[in-house]
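Structural overview for review
Listed below are the residues making up each chain.
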Amino acid sequence: MTPNEREQWLRDRGVQIETSNDRRKAESLLYGAADGRPPSIVEQVQRLSCKGCINDNDEGIKFVYIPHDTSLPMSTINLPKRLVDALGPSGDIIPTYVRSFFADGKSIDEALFKEQAAKQNLIGGDINKFASECNENNEEKSSIANHPSAKLTSAALTSASSGGSVETFPLVRPSSTNHNQGVYIYLDEVGLLKHLPNNKRASTLAQQCGYHPAPNFYGDVFVGRVSSNNVLHNIDIEKEDIIDTTKEWIVRAPHENVAWQQTINEVTGRKGESQPNHAGTEGVGVQVESKDGEKGCSYLWIQNEEEVEITVYLSKKVGEGNKVNKTKIKAAFQPQKILIKYDNVTVLELKLYSKIDVDGCTWTLENNNLVVTGEKSTEGEIWPRLELGG
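Residues numbered from 1 in each chain as written. Predicted model: local features only at pLDDT ≥ 70, side-chain atom pairs only at ≥ 80, totals over all residues. Heavy atoms only, no water.

1. Observations concerning the confidence of the model for the chain
Per-residue confidence for the chain gives a mean pLDDT of 78, with 70% of residues at or over 70. In the model, residues 120-130 has pLDDT below 50 throughout and makes 24 contacts with residues more than four positions away in sequence or in other chains. The low-confidence segment residues 137-151 (pLDDT under 50) makes 22 contacts with residues lying over four places distant or belonging to another chain. (pLDDT = per-residue confidence, 0-100. Contact = heavy atoms within 4.5 Å.)

2. With respect to the nonpolar core
If you look at the biggest cluster of nonpolar residues, it comprises 43 residues, and the most contacted ones within it are Phe 63, Val 98, Leu 171, Phe 222 and Val 223. Sequence-distant contacts of Val 98, defined by excluding residues within four places in its chain, comprise Ile 41, Phe 63, Val 166, Tyr 186 and Phe 222. Counting 34 residues, the second-largest nonpolar core is a separate cluster that includes Cys 297, Ile 340, Leu 352 and Tyr 353. (Core = buried A, V, L, I, M, F, W, Y, C linked by side-chain atoms within 4.5 Å. Buried < 20%, exposed > 50% of the residue type's maximum accessible area, 1.4 Å probe, protein only.)

3. Quick word on the environment of Ile 108
Along the chain, Ile 108 turns up in the loop between helix H5 (94-98) and helix H6 (110-119). Taking the C-alpha atoms as reference points, Ile 108 and Gly 191, separated by 83 residues in sequence, lie 8.7 Å from one another. (Helix = DSSP H or I, 4+ residues; strand = E, 2+ residues; numbered from the N terminus.)

4. Examining the sheet that holds strand S9 (residues 307-313)
Within the open sheet, the five strands sit side by side as S7-S8-S9-S14-S13. Their pairing is antiparallel. At either end of the open sheet lies a strand with only one pairing partner, and these are strand S7 (286-288) and strand S13 (356-366). Going across the sheet, the axis of each strand differs from the next one's by a mean of 20°, ignoring polarity. (Pairing = 2+ DSSP bridges. Axes fitted to C-alpha atoms, helices over the stretch in contact; angles between N-to-C directions.)

5. Details of the sheet that holds strand S10 (residues 329-334)
Spatial ordering of the open sheet is given by S10-S11-S12, a layout of three strands whose pairing is antiparallel. The open sheet is flanked by S10 and strand S12 (345-351), the only strands paired with a single partner. The sheet shows a mean angle of 10° between the axes of neighbouring strands, direction not considered. Direction of pairing for strand S11 (residues 337-342) relative to S12: antiparallel, over a ladder of six bridges. Along S12, the bridge assignment pairs Lys 341 with Thr 346.

Quick look at the structure:
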């Protein structure tokens with residue numbers, strides 16, 4: 001394929017390709033004079049908690065707001081008609097519109113940032129690219145992208161994403177089998193690094209669309225729909241289209257996602273690629289060496305949606321050929337901490353990424369290995385790491 005043919009092939013399948021001119025045009029309209037601009041996404045969400053503030057007759061393209069707090073309802077809101085008329089129909093406008101919602105001023109976890117940077121597993125696997133793209137969206141901060149030493153710091157990423165940054169997650173992409181319509185989740189691109197709460201309803205929706213294990217989404221999210229007929233453009237989706245799991249698009253999504261991945265693998269020459277596994281899932285444990293030298297113990301951890309299991313290697317504490325004395329083991333569980341002692345010496349202390357149910361924690365001794373099982377407080381949550389800190 002030529003570059004132009006590849007670009008058109010991607011556009012036909014719902015892949016958004018946005019230019020800097022597109023962004024500048026949108027931002028000029030969104031952040032212009034108050035009396036001449038459409039309501040912002042922040043203003044729309046604020047109105048949801050105000051009786052009588054919502055106008056059901058508002059014109060525009062409908063999409064859905066899903067708060068992370070399950071006590072709050074999902075709501076149908078509008079992509080303002082004025083914005084659609086000015087920018088479309090051409091491309092997915094929702095990312096540009098909702099970007100300011102994620103400009104919450106929250107800082108990024110330094111330790112978690114470094115871990116994700118080391119894995120090159122953040123935002124499609126390229127942190128430098130993300131920093132450059134964020135700064136391209138905000139020319140006043142463009143010096144960050146031009147300073148190599150600043151690119152891979154949490155402070156630089158916080159600054160680069162201060163105006164809000166949006167990740168688009170495909171629940172299902174446009175294809176000939178679904179009337180060329182795709183449905184996407186729009187989330188805070190650095191929500192994980194901000195320690196935003198897990199959005200269980202968004203994860204459940206992704207699981208219904210064929211993603212196993214269900215991806216984690218952090219903080220509030222939005223769901224929108226596009227059509228690739230003629231040109232890519234936004235079309236309506238309402239909360240009923242998400243709540244009702246018998247809707248055709250949800251029922252067909254698992255099969256269509258598999259078919260799409262197979263097509264991408266054929267086009268790119270990759271084989272067998274699918275969604276990446278989370279740490280400690282799919283039966284593959286994560287090996288961690290002792291941080292305290294001879295005093296501590298190495299361990300292996302694994303997880304599923306209900307619990308986390310940690311195997312602590314106690315054999316080196318008693319020497320080869322000797323048995324671990326079960327009476328010398330002491331295990332203490334707190335909502336976000338596990339402490340293991342052997343013969344009154346601390347061999348493992350973990351400050352956990354998320355909370356466990358203390359009453360659901362147990363331990364057993366198997367072949368000189370201490371196997372600790374912790375029941376997660378939030379069922380269905382897949383942790384990106386075991387420990388809260390580095």
